[in-house]
Amino acid sequence: MTTKAKTFTIYVDGEAVQAVPGQTIMDACDEAGGYIPRLCDVEGLVPQGSCRICTVKVNGRTVAACTQPAEPDLQVEHETREIHSYRKDLVRMLFHEGNHLCPICEASGRCELQAMAYRLGISQATKYPYLQPVRPVDASHPDIALDNNRCILCGRCIRASRDVDGKNVFEYIGRGIDKHIGVNGANLAATDADIDDYAMSLDVCPVGCIIRKKEGFFNPVGDRQFDRHPIGWEIESKRIPTTDISGPAGSDQEVKP
Ligand code: FES
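Here the structure is a predicted model, which is why all the values come from computation and not from measurement.

Rules and cut-offs
- Residues numbered from 1 in each chain as written.
- Predicted model: local features only at pLDDT ≥ 70, side-chain atom pairs only at ≥ 80, totals over all residues.
- Heavy atoms only, no water.
- Core = buried A, V, L, I, M, F, W, Y, C linked by side-chain atoms within 4.5 Å.
- Buried < 20%, exposed > 50% of the residue type's maximum accessible area, 1.4 Å probe, protein only.
- Helix = DSSP H or I, 4+ residues; strand = E, 2+ residues; numbered from the N terminus.
- Contact = heavy atoms within 4.5 Å.
- Disulfide = S-S within 2.5 Å.
- Pairing = 2+ DSSP bridges.
- Axes fitted to C-alpha atoms, helices over the stretch in contact; angles between N-to-C directions.

As a further point, take the nonpolar core. Here is a general trend for soluble globular proteins: nonpolar side chains tend to be buried in one another's company. The biggest cluster of nonpolar side chains holds 44 residues, and the ones touching the most others in it are Val91, Leu113 and Phe170. Contributing elements (two or more residues each) for this core: helix H2 (81–97), helix H3 (112–120), strand E7 (144–147), helix H4 (156–165) and strand E9 (180–183). Take this core: its biggest share by element is five residues, from H3. Beyond its immediate stretch of four places on either side in the chain, Val91 contacts Ile53, Leu113, Met116, Ala117, Leu120 and Ile122. If you look at the next biggest cluster of nonpolar residues, it comprises 20 residues, including Phe8, Ile10, Ile36 and Val63.

Once that is clear, we can look at the state of the cysteines. Under the defined criterion, the tally for this structure stands at zero disulfides. Cys209 carries a free sulfur, and the closest cysteine sulfur to it, the one in Cys151, is 4.4 Å from it. Residue classification places Cys209 among the buried positions, given a relative accessible area of 4%.

Now for the sheet that holds strand E3 (residues 55–58). Read from one edge to the other, the open sheet built from five strands follows the order E2-E1-E5-E3-E4, with strand pairing classed as mixed. Here the strands that pair on one side only, and so sit at the sheet edges, are strand E2 (15–19) and strand E4 (61–64). Direction aside, the axes of adjacent strands within the sheet are offset by 40 degrees on average. Inspection of the sheet shows strand E1 (residues 8–12) paired to E2 by five bridges, in the antiparallel sense. From the neighbouring strand, Phe8 faces E2, where its bridge partner is Ala19. Sheet contacts for H2: E3, E4 and strand E5 (75–77); angle to E3, the most-contacted strand, approximately 150 degrees.

As structure tokens, then:
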């Protein structure tokens, strides 16, 4: 006989959302069809709370919705102008920290960073100086290439390789602006990385950092993942198929490129 977990209520922007013990704020919202933006979190991997795009406010304190446990009667601020502005700045900084050349990137159209920028209404990443770091491309492996220029340090490949593939192909190396994804060997070819690893699947790398060779540009423009629906649509469509994804603060003076 199974016992159903006792549900409780949290309040997201004043709206009641049902949750069960063990769920995070994001889990509860996902189930209710409420999308909270995210980049480092993805279904199937342990959340690590590093990108902070999922920032919400609980009792006046900013927390990561992907790691913050839901608790009875929690009052969560999610779609406010202030939080929307935080999220936009975090996404802008990711563009400034790396070398993201969307028009020539193979991941364009299925890139979660690009899709997030569109969703949040960012058209020009001109608020901060471009750091233009010099980062290596590791093309040593016959089937996989690693382009650190596009990496946003979400750690999804690290967790996928470690927790799903049981391999530890990837790890963080360095600190601060020098932090990057390294591999467990002299280069990718010297590791036990395999094209069939979960870490190399299109579900894991949210940008165009892990590249599957010989498979580029497999979807024509117009038929790519985010050409048809904005990021988060699969969650929002559980509730309102025609959800207005612009949010209360989604329209500012910027224009989509
Ligand atoms: Fe929550 Fe990245 S999705 S911190």
